[in-house]
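# Observations on the model geometry
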Amino acid sequence: MTTSCLATRWLGTLEVSAQGLGCMGMSEFYGPADETESVATVHRALELGVTLLDTADMYGRGANEELVGRAIVARRDRVVLATKFGIIRSNNPDERGVRGDPEYVRQACDASLRRLGVDHIDVYYQHRVDPEVPIEETVGAMAELVAAGKVRHLGLSEAGAGTIRRAHAVHPITAVQTEWSLWSRDIEDQVVPTCRELGIGIVPYSPLGRGFLTGRISSRSDIGGDDRRLRYPRFQDGNLDRNLAIVEALRKIAAELDVTAGQLALAWVQHRGSDVVPIPGTKRRKYVEENIHAATLELSDEQLDRITNAVPPVAGDRYEETSMRMIGL
């Protein structure tokens, strides 16, 4: 067994590995799933020093939590387990709702505990803010879960700076999960400064631009027909071609450092601060190994500036219109 000297970082008062593992793609959205390889991927990540595993009740309509639960049997004491609630799915993949009312918070937590097969969740996130329910009510219900011993730490996902402040005033927020990468930097103006002022850790998801920044996608034909990325504006014809310039810029610098474009892009996120713990998602062991190497890559301020300045503006929004309306509230 090969082990890693993967460093640790702090999300508020919670110590975790400097890089986590996003498990969403193991169940849906990014092409066919292979449970055997997915479980092996979780195990390999743990061997290499990853402690933070991230899932949500809506991934695979609960199947992802069940998979993660099976993967960590007999390994629970080595895992900081994070899951999320709040996104309501319908039979129409383009229609999603949000619930943050206290009754639903309690129901969702109990359901997640059953699927995960555990007696507590280490970080429980509100997946998206419910605009119809005051954040004070939602976080108040989440705080009751902490008092009951069902949850250890609270988090928010894709919340705006004002909401983060109001939530933190009710109960300490340990982490804010949001998209952050070389092609998604909108949180840097308000969300990041707010988190740092309040001592809240930042957990970037999709730090590799949903795989695009690895350079493994050069056209829409490289993405499977049932892959949700085909719906996103940045992967649409025209936008995708323009965004390839980002990958080319990364490749040039990565070649000089003898790393991949993806490793360079991930290392850039790792260097955003000691309170930043990215959770690149993968369902294959070889990519876990690649990603963890990026967590140990040292870049100078000059190199970081060069990477930042070399990347051209991104073409297209992060999500389709309906999903864009659910972020930053």
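Residues numbered from 1 in each chain as written. Predicted model: local features only at pLDDT ≥ 70, side-chain atom pairs only at ≥ 80, totals over all residues. Heavy atoms only, no water.

Going by the annotation in an unreviewed UniProt entry, the name recorded for the protein chain is Aldo/keto reductase, with Longimycelium tulufanense given as the source organism.

### Quick notes on helix α6 (residues 191-198)
Working note: α-helix, 3.6 residues per turn, so residues spaced by three or four point in the same direction. Inclusion rule: Only protein chains enter the calculation, and the probe is 1.4 Å; a residue is then buried if its accessible area is under 20% of its type maximum, exposed if over 50%, and partly exposed in between. To qualify as a helix, a DSSP run of H or I must reach at least 4 residues; to qualify as a strand, a run of E must reach at least 2; elements of each kind are numbered from the N terminus. The arc in question is traced by the directions running from the helix axis to the C-beta atoms. In what follows, a contact means two residues having at least one pair of non-hydrogen atoms within 4.5 Å.
Taken residue by residue, α6 has Val-191, Val-192, Thr-194 and Cys-195 as its buried positions. Looking straight down α6, one finds its buried side chains confined to an arc of 165°; they lie on one side. Buried residues in α6 make contact with α5 (161-170), β10 (173-179) and β11 (201-205).

### Side note on the sheet that holds β11
As a general point, the strands of a sheet are linked pairwise by backbone hydrogen bonds and lie either parallel or antiparallel. Under the convention used in this document: For two strands to be treated as a pair, DSSP must find no fewer than two bridges joining them. Where helices are involved, their axes are fitted lines through C-alpha atoms of the stretch in contact, as for all axes, and angles between N-to-C directions lie from 0 to 180°.
The strand order across the open sheet formed by seven strands is β3-β4-β5-β8-β9-β10-β11, and the pairing between neighbours is parallel. Among the strands making up the open sheet, the edge pair consists of β3 (21-22) and β11. Two strands pair when backbone bridges link them, and strand β8 (residues 121-126) and strand β9 (residues 151-157) are joined in this way by five bridges, in the parallel orientation. Within β9, the position partnered with Ile-121 by the bridge is Val-151. The strands touched by helix α3 (residues 102-116) within the sheet are β5 (80-85), β8 and β9, with β8 carrying the most contacts at an inclination of about 135°.

### Details of the pattern of salt bridges
Inclusion rule: Note on definitions: salt bridges are taken to be side-chain nitrogens of Lys or Arg within 4 Å of carboxyl oxygens of Asp or Glu.
Within the structure shown, the criterion is met by 25 salt bridges. For the salt bridge of Arg-210 with Glu-179, the shortest nitrogen-to-oxygen distance reads 2.9 Å. In this pair, Arg-210 sits in the loop between β11 and α7 (239-257) while Glu-179 sits in strand β10, placing the two residues 31 residues apart along the sequence. A residue is classified by how much of its surface remains accessible, and Glu-179, at 0% relative accessible area, is buried. Close ionic contact of Arg-228 with Glu-320 constitutes a salt bridge, the shortest N to O distance being 2.7 Å.

### Overview of the packing of aromatic side chains
To keep it simple, the criterion reads: Ring geometry is summarised as follows: Phe, Tyr and Trp rings, the Trp one being its six-membered ring, pair when their centres sit within 6.5 Å, and such pairs are stacked at plane angles under 30 degrees, edge-to-face over 60 and tilted between the two.
According to the stated counting rule, one finds five aromatic pairs in the structure shown. Centre to centre, the rings of Trp-183 and Phe-235 are 5.8 Å apart; their planes meet at 85°, and the pair counts as edge-to-face. Within this pair, whereas Trp-183 is found in the loop between β10 and α6, its partner Phe-235 is found in the loop between β11 and α7, the two being separated by 52 residues in sequence. Given a relative accessible area of 4%, Trp-183 falls into the buried group. For Phe-235, a relative accessible area of 1% translates into the label buried. Connected via pairs of aromatic rings, a cluster forms that spans Trp-183, Phe-212 and Phe-235.

### Some words on the packing of helix α1 (residues 35-47) against helix α9 (residues 285-295)
The cut-off we apply is this: Convention used here: angles under 35 degrees read as roughly parallel, angles over 145 as roughly antiparallel, angles from 65 to 115 as roughly perpendicular, and any remaining angle as oblique. By definition, turning the near helix anticlockwise from the far helix through less than a right angle yields a left-handed crossing, and turning it clockwise yields a right-handed one.
Taken N-terminus to C-terminus, the directions of α1 and α9 make an angle of 25°; their axes are 8 Å apart at the nearest point. Here α1 is positioned roughly parallel relative to α9, judged by the angle of their axes. When you trace α1 past α9, the crossing you get is right-handed. Between α1, through Glu-37, Ala-40, Thr-41, Arg-44 and Ala-45, and α9, the contact on the second element is made entirely by Arg-285, Val-288 and Glu-289.

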